[in-house]
Amino acid sequence: MNISPSHLKLLFVSTPVGPLGTGLGGGVELSLYNIAQEMLRRGHTLQIVAPQGSTFKSIPLVQIPGNFQIIAQSQERTAPIIISENSVLANMWEYARQVQDDYDLILNFAYDWLPFYLTPFFNRPIAHFVSMGSLYEAMDQIVAQVAAQFPGTIGFYTSSQAATFNINQQCPCLSSGIDLSLYQFCAQPQLELAWLGRIAPEKGLEDAVAAAQIANIPLKIMGKMQDKSYWEKICQDYPDVPIKYLGFMSTAQMQQELRQCRAMLMTPRWMEAFGNVAIEALACGVPVIAYNRGGPSEIIQDGMTGFLVEPDDVNGLVDAIARLDQIERYTCRNQAETEYSVAALGDRFELWFRDILQSL
Ligand code: UDP
């Protein structure tokens, strides 16, 4: 294939679980935005295809109508593949099929079976950025199949996430990155803790609430309300804990609240693929106390930029909160600057795209 090394034509196809900008897609929305911004800054041509209703500051989008996909986290491991009538997932990929000849490479952000299945039927290469660990068998199978047929085209956030899939080859681990200029360092925090993320059972918010209760420190909660009954149960179970839910905030508002906190708690029940909120906290100089599994265990430097705690151990969180004085907040910001800049993210993705195109 004749590809100009300095100028790529890229088509990004978004997650079908909701419009971009609503938070329904979780951290992959921020990753998509940051990768897209950086590719445009580097002079590449880029088009994003996303569900109707998407809003992305200063990046043009092709908006596609249709019904949203159900979220993979809510499914059983043996669940069949479900695609509704007038599916936005199918509609986005039909659009991609029609315009594919205008692009060098298509990047898939959907954690869904269909784009993997369609890969051999496209005449342009498709790179798949997988945003969660293994959740259901039909997906595991198609991911492994595409990895075998198109080596190097499956990218993950972290190696612990990649290890949950049954793939017999080294896959690119692309990590994440943020625009550090949007996050301000705060040296003198208030006596409060933060918890950020989608309010959903796999995120284990109740453990952070329990730890805040024992430590007797107020907890600020920010993020998309995905499961209202789960939230109401937490409020019922912990009526006396000083928690404050601030809603789903813009990055600018969120970092203003986050940076004033002594620490951020990350208490996922599931194998968190990465955890963009961890690097956002570090960028503000906020140490992260997290369960020691998945993405956070690859991000946090235990004792330096936070603490890694035995998974599901609330007392471990409380012990770590008591040791926060050991953490130098500048070290947190420094780690974010060194490892998680959007430029470093852009380098990793660009290299991945070129490797795929060169292997054709
Ligand atoms: N987030 C946000 N506003 C909030 C709270 C969270 O925009 O008030 C974003 C945050 O920037 C991050 C995402 O929500 O990008 C959560 O992603 P993460 O990777 O931590 O977890 P996921 O939802 O993908 O499981």
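These numbers were taken from a predicted model, which means no experiment stands behind them.

A.B. asks: Describe in detail unusual backbone geometry, supporting the description with residues and values.
C.D. replies: Its identity as a non-glycine residue notwithstanding, asparagine 216 has a phi of 60 degrees, on the positive side. Checked against the element boundaries, asparagine 216 lands in the loop between α6 (205–215) and β8 (219–222). The class for asparagine 216 is exposed, based on a relative accessible area of 59%. At aspartate 312, a residue that is not glycine, the phi angle is positive and equals roughly 65 degrees. Here aspartate 312 is to be found in the loop between β12 (306–309) and α11 (314–322). Judged by relative accessible area, which is 41%, aspartate 312 ranks as partly exposed.

A.B. asks: Outline the packing of helix α1 (residues 27–41) against helix α13 (residues 342–358), supporting the account with residue identities and numerical values.
C.D. replies: Two numbers describe how α1 lies on α13: the axes approach to 9 Å, and their chain directions differ by 80 degrees. Overall, the two elements α1 and α13 adopt an arrangement that is roughly perpendicular. Contacts between α1 and α13 involve Asn34, Ile35, Glu38 and Met39 from the first element and Val342, Ala343, Leu345, Gly346, Phe349, Glu350 and Phe353 from the second. In the contact of α1 with α13, the residues fall into seven nonpolar, two polar and two charged.

A.B. asks: Kindly report on the pairing of strand β5 (residues 126–129), identifying the contributing residues and their values.
C.D. replies: Here β5 shows a buried face lined by Ile126 and His128 and a second buried face lined by Ala127 and Phe129. In this sheet, strand β6 (residues 154–155) lies alongside β5 in parallel orientation, the contact comprising two bridges. Residue pairing for β6: phenylalanine 129 is matched across the bridge by glycine 155. For the handedness criterion, the β-α-β arrangement of β5, helix α4 (residues 137–149) and β6 is classed as right-handed.

A.B. asks: How would you explain the layout of surface pockets if you had to name every residue and give the values?
C.D. replies: In this structure, the second largest pocket spans a volume of roughly 170 Å³. Lining the second largest pocket are 13 residues, and of these Pro125, Ile126, Phe150, Thr153 and Leu360 lie nearest its centre. Tallied by class, the residues present in the lining of the second largest pocket amount to eight nonpolar, four polar and one charged.

A.B. asks: Let's hear about the nonpolar core: which residues, and what values?
C.D. replies: Residues Phe12, Ile48, Leu205, Met264, Ile289, Phe349 and Phe353 are the most contacted members of the largest nonpolar core, which totals 90 residues. Setting aside chain neighbours within four positions, we find leucine 205 in contact with Trp195, Ile199, Ile221, Tyr230, Trp231, Ile234 and Thr267. Of all hydrophobic cores here, the second largest spans 20 residues; its members include Ala72, Val130, Ala138 and Met139.

A.B. asks: How would you sum up the site of the ligand? Please name residues and give values.
C.D. replies: Lining the immediate environment of the ligand, one finds 17 residues, of which Gly27, Arg198, Lys203, Met249 and Glu280 sit closest. Within the backbone of valine 277, one N or O atom sits 3.3 Å away from an oxygen atom of the ligand. In the complex, the protein chains occlude 90% of the 550 Å² of accessible area that the ligand would expose alone. Of all elements in the fold, only α1 and α9 (276–283) reach the threshold of two or more residues within the shell around the ligand. Among the elements that take part in the shell around the ligand, α9 stands out by supplying three residues, more than any other. A class-by-class count of the residues in the shell around the ligand yields seven nonpolar, six polar and four charged.

A.B. asks: Could you give an account of α6, naming the residues involved and the relevant values?
C.D. replies: Most of α6 is tucked away: eight of the 11 residues are buried. Looking only at α6, the buried set comprises Leu205, Glu206, Asp207, Ala208, Val209, Ala210, Ala211 and Ala212. Two residues or fewer after α6 comes asparagine 216, characterised by a positive phi angle close to 60 degrees.

A.B. asks: Please provide a residue-by-residue account of the sheet that holds strand β11 (residues 288–291), values included.
C.D. replies: Taken together, six strands build an open sheet; the order of strands is β9-β8-β7-β10-β11-β12 and the sheet is parallel. What marks the edges here is a single partner per strand, and that holds for β9 (243–245) and β12. Each strand of the sheet is rotated relative to its neighbour by a mean of 20 degrees, with strand direction disregarded. Both strand β7 (residues 193–196) and β8 contribute to a ladder of four bridges, which runs parallel. Bridging from a neighbouring strand, alanine 194 pairs with lysine 220 of β8. The strands touched by α9 within the sheet are β7, β10 (263–266) and β11, with β10 carrying the most contacts at an inclination of about 170 degrees. The sheet contacts of α11 involve β7, β10, β11 and β12, and relative to β11 the element is tilted by about 160 degrees.

Here is what the cut-offs are and how they apply
All chains use their own residue numbering, which begins from 1 and follows the written sequence. Residues qualify for local features only when their pLDDT is at least 70, as the model is predicted, and side-chain atom pairs are given and counted only at 80 or more; totals for whole chains, interfaces and linings, by contrast, use all residues. Side-chain measures were taken over the full set of non-hydrogen atoms in the model, leaving aside hydrogen atoms and water. Helix numbers and strand numbers start at the N terminus; a helix is a DSSP run of H or I with at least 4 residues, a strand a run of E with at least 2. Note on classification: 1.4 Å probe, protein chains only; a residue is buried when its accessible area is under 20% of the maximum for its type, exposed when over 50%, partly exposed between these limits. Note on geometry: axes are lines fitted to C-alpha atoms, helical ones only across the stretch in contact, with angles between N-to-C directions running from 0 to 180 degrees. Our angle categories are set so that under 35 degrees counts as roughly parallel, over 145 as roughly antiparallel, 65 to 115 as roughly perpendicular, and the remainder as oblique. Only heavy atoms enter the contact rule, under which two residues are in contact if any of them lie within 4.5 Å. Note on residue classes: Ala, Val, Leu, Ile, Met, Phe, Trp, Tyr, Cys and Pro are nonpolar, Asp, Glu, Lys and Arg are charged, and everything else, Gly too, is polar. At least two DSSP bridges between two strands are needed for those strands to be called paired. The crossover handedness rule: strands pointing away from the viewer, path from first strand over the helix to second strand clockwise, crossover right-handed. Using a grid of 1 Å spacing that covers the protein atoms alone, one calls a set of points a cavity when a 1.4 Å probe fits there but cannot get out, and a pocket when the set is open and has protein on both sides within 12 Å along at least five of seven lines; lining residues are those with an atom within 4 Å of a point. Grid points are joined across faces, edges and corners, and a volume is the space filled by probe spheres set on the points. Here, the term nonpolar core denotes a set of buried Ala, Val, Leu, Ile, Met, Phe, Trp, Tyr and Cys residues that are joined through side-chain atoms within 4.5 Å. Working definition: residue near molecule or strand if any one of its non-hydrogen atoms lies within 4 Å of it. Pairs of N or O atoms within 3.5 Å make up the polar contacts considered here, provided that, within protein, one atom can donate a hydrogen while the other can accept it, and that residues adjacent in sequence are counted only when both atoms are side-chain atoms. The protein chains shown are the only cover counted for residues, whose accessible areas, like all others here, come from Shrake-Rupley with a 1.4 Å probe.

That's the geometry; what it means functionally is another story.
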